[in-house]
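The chain contents come next:
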Amino acid sequence: MATPGNEEPKKKRFFFHPFMDLLVRISKQITPEELSDIKILCSFIPKGDIIRMITAAELFHKLYEMEKINETDTSLLEQLLCKVDRQDLVENYLKGNKGYQQNQQSTTSHIQDPQTSIQEIGRASCRERV
């Protein structure tokens, strides 16, 4: 038992979050090369943070923390996956997400890619390849 001066640390409580589970399942399908390409597309994340990320799950969690993606808006994630030719993940994971219909209506791109942007490719053409 803890004494007033020697309190036991509080245990962290973890809870199941369906969206986080979705991000983890998607991240397990991302190859190291695809992760590298996605990191390049995420120029809005501070370079120091990007360098320390070694898994897609870490990157997706950072996007969630930055409020770039959430349960009802996965449009940025969809764009990133399409950009690295992983439309299969959009089809298999995001189309079942409750926010997917809202994402289809969104046309805002957060990606900074000087050579080719998602807007140039066109979100519709990305979906056609799915």
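One numbering rule holds for all chains: residues counted from 1, following each sequence as written. Local features in a predicted model are, by the rule used here, given only for residues with pLDDT of at least 70; side-chain atom pairs are given and counted only at 80 or more, and totals for whole chains, interfaces and linings are based on all residues. Hydrogens are left out, water is left out, and the side-chain values use all remaining heavy atoms of the structure.

A. The arrangement of the environment of L41 in detail. Examined against the element boundaries, L41 turns out to sit in helix α2 (residues 32–41). C-alpha of L41 to C-alpha of L80: the two residues are 39 residues apart in sequence and 7.4 Å apart in space. Helix and strand definitions follow DSSP, with helices as H or I runs of at least four residues and strands as E runs of at least two, each counted in order from the N terminus.

B. Molecular detail of the pattern of salt bridges. We define a salt bridge as a side-chain nitrogen of Lys or Arg found within 4 Å of a carboxyl oxygen belonging to Asp or Glu. With the rule as written, the count across this model stands at 6 salt bridges. Between E34 and R86 there is a salt bridge; the shortest N-O distance is 3.1 Å. Placement of E34 in helix α2 and of R86 in the loop between α5 (75–83) and α6 (87–94) is noted, with a sequence separation of 52 residues between them. Comparing E34 with R86 shows no difference in burial state: the two are buried. One salt bridge connects R52 with D49, and the closest N-O pair in it is separated by 2.7 Å. With R52 and D49 both in helix α3 (residues 47–52), this residue pair falls 3 residues apart, about one helical turn. Accessibility here uses a 1.4 Å probe with only protein chains present; expressed as a share of the type maximum, an area under 20% marks a residue as buried, one over 50% as exposed, and anything in between as partly exposed. Since its relative accessible area comes to 58%, R52 is described here as exposed. Counted as one network, the salt bridges with shared partners bring together E34, R86 and D88.

C. Quick look at the confidence of the model for the protein chain. Per residue, pLDDT captures the predictor's confidence, and it can take any value from 0 to 100. Scored by pLDDT, the protein chain comes out at a mean of 77, with 61% of its residues at no less than 70. Mean pLDDT per element in the protein chain: helix α8 (residues 118–121) is the minimum at 42, and α2 is the maximum at 97. Should any heavy atoms of two residues lie within 4.5 Å, those residues are considered in contact. Below a pLDDT of 50 lies the segment residues 100–110, which in the model reaches 27 contacts outside its immediate sequence neighbourhood of four places, other chains included. Here residues 113–125 is a poorly scored stretch, pLDDT under 50, and it has 22 contacts once near neighbours within four places are set aside; other chains count.

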